[in-house]
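What follows is each chain in one-letter form.
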Amino acid sequence: AMMLDSSRSFQSADYIKQYIDWLSVHKINIFHWHLTDDQGWRFESKLYPEFTKKGAWGMAGSALPLHGVRKSWFPADESDGGFYTQEQMREIVAYAKLRNVEILPEIDLPGHSRSAVIAYPEIACKGKDNSVDVHGIAVNVWCASREENYVMMERLLGEVASIFPFEYIHIGGDEVNHGPWSKCPSCNAFAKTVGLKSGAHLQGHLTRRLETICKKLDRKLVGWNEIMGQGISKDTCIMAWIATGPGYHAASIGHPIVMAPGAFTYFDMPHAHGERGHHWAGIVSMEKTYSFDPLANSSLTPAQLANIHGIEACLWTCYTRSHPEVQKKMGLADLQLARELVARQASL
């Protein structure tokens, strides 16, 4: 599988088709589409139009955070963003199917949700909390005790399921700042009613509610490895990104696993010394990526290794954007090359 982050840097529908062409050329059959995050909400909801009316657009200095890399290319009064209409997404699903690529959609819940809170402020906790997540972003978590939030999530994921026929829906679940829950009177009271010490421990409850929602939609849930170990169903798939350890542990206890460890598969890292990119996972060269064998773990039994369903590389787009004019010229050339390769493959 290959993931593309369309939140931090919005790509056109034509570019998404180009990306799918690339996957098809390289025999990659799952496209993980990261559609929402703090920086932008890209999924059109007919039921909740404010998600894209307010949450799909940002500008330098606005309440919707943009990565610093982008600010130098846009005047302070010029917005940056966009979203995919439901018609566009259905067309992209059909386009991918013809190329033997299935699409795994991701709606990030309950954290990484600044764009959602900008659109519907009432979904956030009411307690006084000034904490931030690991990226320095505040007020970006859904309140875990507000029943109306679960109704909204169910209706929203119902729209997602109506567009994307893939058996899984990705709900994120990573890097959730539990600070707002710990200071929210409603979350603390609710936590006690469900047998938890405090609101800070509510993520497992929320994830289990999302499992129930996905089951009603005839879907299964997949999330990043932070959702593990909170009483979730063994049917829920774990995507291990922090390291290989969480993936092997999840496989040992019966979860389906997708291995996506940053040190081998995160393409927002530099590919060589001196390149731009994040550095927390080190340099991720092509040689290092190809060296990774997700099944090379002698401590797991063959049955446990069978729980590892695949491997995924992730392209987070904080650092991918070049100057718009350069990007336009490069994109057109790459698109032509990709389409020529697809045509050549089809003729073989």
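What counts, and where the lines are drawn
- The residue count restarts for each chain, going from 1 along the sequence in the order it is written.
- pLDDT decides what is reported in this predicted model: residues at 70 or higher carry local features, side-chain atom pairs at 80 or more are listed and counted, and totals for whole chains, interfaces and linings draw on all residues regardless.
- Note that water and hydrogens are dropped before the side-chain values are worked out from all heavy atoms of the structure.
- Two aromatic rings, drawn from Phe, Tyr or Trp (for Trp, its six-membered ring), form a pair once their centres lie within 6.5 Å of each other, and the interplanar angle then sorts them: stacked below 30 degrees, edge-to-face above 60, tilted otherwise.
- Strands here are runs of E lasting at least two residues and helices are runs of H or I lasting at least four, both read from the DSSP assignment and numbered beginning at the N terminus.
- Residue burial is assigned from relative accessible area. The probe radius is 1.4 Å, only protein chains are included, and a residue is buried under 20% of its type maximum, exposed over 50%, and partly exposed in between.
- Interaxial angle, 0 to 180 degrees, is taken between N-to-C directions of lines fitted to C-alpha atoms, where a helix line uses only the stretch in contact.
- Should the near helix be turned anticlockwise from the far one by less than a right angle, the crossing is termed left-handed; should it be turned clockwise, right-handed.
- The contact criterion used throughout is that any non-hydrogen atoms of two residues lie within 4.5 Å.
- Note on terminology: a nonpolar core comprises buried Ala, Val, Leu, Ile, Met, Phe, Trp, Tyr and Cys residues joined through side-chain atoms within 4.5 Å.
- Two strands qualify as a pair provided DSSP detects at least 2 bridges between them.
- Consider the strands pointing away from the viewer: the crossover is right-handed when the path from the first strand over the helix to the second runs clockwise.

A.B. asks: How would you summarise the packing of aromatic side chains if you had to cite specific residues and measurements?
C.D. replies: Each aromatic ring pair is described using two quantities: the centre-to-centre distance and the angle formed by the ring planes. A full pass over the atoms with the stated rule returns 18 aromatic pairs. The interplanar angle of 45° and the centroid separation of 5.9 Å between the aromatic rings of Trp224 and Trp316 together place this pair among those described as tilted. Placement of the pair is Trp224 in strand β9 (residues 220-224) and Trp316 in the loop between β13 (313-315) and α14 (324-347), with a sequence separation of 92 residues. Pair check on accessibility: Trp224 and Trp316 agree, each one buried.

A.B. asks: Describe the packing of helix α6 (residues 147-163) against helix α9 (residues 203-216), listing the residues and the values that go with them.
C.D. replies: Geometry of a packed helix pair, given as the angle between the helix axes and the separation of the axes. Following both chains from N to C, one finds α6 and α9 inclined at 35°, their axes separated by 10 Å at the closest point. Seen along the crossing, α6 lies across α9 with a hand that is right-handed. Between α6 and α9, the contacting residues are Glu147, Tyr150, Met153, Glu154 and Leu157 on the first element and His205, Leu206, Arg209, Leu210, Ile213 and Lys216 on the second.

A.B. asks: Help me get a handle on the nonpolar core, residues and values and all.
C.D. replies: Nonpolar side chains in soluble globular proteins tend to end up buried together. With 73 residues, the main nonpolar core has Phe31, Trp33, Phe43, Phe51 and Phe164 as its most contacted residues. The dominant element in this core, judged by the number of residues it contributes, is α6, at eight residues. Leaving out residues up to four positions away in the same chain, Phe31 has contacts with Met2, Leu4, Ile16, Tyr19, Ile20, Leu23, Val101, Glu102, Ile103 and Leu104.

A.B. asks: Go over the pairing of strand β2 (residues 30-34), please, and point to the residues and values.
C.D. replies: Summarising burial for β2: five of the five residues are buried, a large majority. Neither face of β2 is open: one carries Ile30, His32 and His34, the other Phe31 and Trp33, and all of them are buried. Bridge count for strand β1 (residues 2-5) against β2 is four bridges, and the pairing is parallel. Across the sheet, Met3 pairs through a bridge with His32, a residue of β2. The parallel pair β1 and β2, bridged by helix α1 (residues 13-25), forms a crossover whose chirality is right-handed. By the bridge criterion, five bridges tie β2 to strand β7 (residues 102-106) in an arrangement that is parallel. The partner of His34 across the bridge, within β7, is Glu106.

A.B. asks: Could you give an account of unusual backbone geometry, naming the residues involved and the relevant values?
C.D. replies: For the bond running from Leu109 to Pro110, omega is -5°, close enough to zero to count as cis. For Pro110, the location among the structural elements is in the loop between β7 and α5 (114-119). Residue Val139 is not a glycine yet carries a positive backbone phi of 50°. Note that Val139 resides in the loop between α5 and α6. The exposure class of Val139 is partly exposed, given its relative accessible area of 39%.

A.B. asks: Got a sec to walk through the environment of Ala144? Specific residues and values, please.
C.D. replies: Position of Ala144 relative to the elements: it lies in the loop between α5 and α6. Measuring from C-alpha to C-alpha, the distance between Ala144 and His201 comes to 10.0 Å, with 57 residues separating the pair along the chain.

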